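Structural overview
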Amino acid sequence: MSVDIALGQWRRQEISELDVFRLTGLRSVAQLADAHIEMVENDRLTKEDMMMTPEEHEAEDILAQAYDSYGDILREDPERLPDIIKAISQNRRRLASQAAARFNARKRGRSGGENVVAFPGR
């Protein structure tokens, strides 16, 4: 049982304090408090995430990618962050454009990988 449900039932006196520990697998009040704090923080982050626009999600993803891929460089020279974000953004746009071109080519019956040469009409 989740900590949240167990605590709610305990507050409504539906289960005992001992049952809370038994049902959640926690062994101390400190663990229970930590689990509750973590649950509240996760709920807050989830609500915050749901309120973000697609642009904010993309910006967050790009920032995470920058630190995942270039964390060592950024620790040494944090001022390079704008350049790295710009490069990642441009690369994402390029990849999205290529994917769209392949999709459209397949939709028109070509594989998207061949070179198409247009000859002028007679």
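Residues numbered from 1 in each chain as written. Predicted model: local features only at pLDDT ≥ 70, side-chain atom pairs only at ≥ 80, totals over all residues. Heavy atoms only, no water.

Remarks on the pattern of salt bridges
Going through the model one piece at a time under the given rule, you end up with five salt bridges. Where Arg44 meets Glu41, a salt bridge forms, and the shortest distance between an N and an O atom there is 2.5 Å. In this pair, Arg44 and Glu41 are both assigned in helix α3 (residues 29–50), three residues apart and thus about one turn of the helix distant. Arg75 is the partner of Asp72 in a salt bridge, and the nearest nitrogen-oxygen pair spans 2.4 Å. Here Asp72 and its partner Arg75 are both found in helix α4 (residues 54–76), three residues apart, which amounts to about one turn of the helix. There is no split in this pair, since Asp72 and Arg75 are both exposed. Residues joined by salt bridges that share partners form a network here, namely Glu41, Arg44 and Glu48. (Salt bridge = Lys/Arg side-chain N within 4 Å of Asp/Glu carboxyl O. Helix = DSSP H or I, 4+ residues; strand = E, 2+ residues; numbered from the N terminus. Buried < 20%, exposed > 50% of the residue type's maximum accessible area, 1.4 Å probe, protein only.)

Brief notes about the environment of Glu17
Examined against the element boundaries, Glu17 turns out to sit in helix α2 (residues 17–24). Along the chain, Glu17 and Val29 lie twelve residues apart, while their C-alpha atoms are 9.8 Å from each other.

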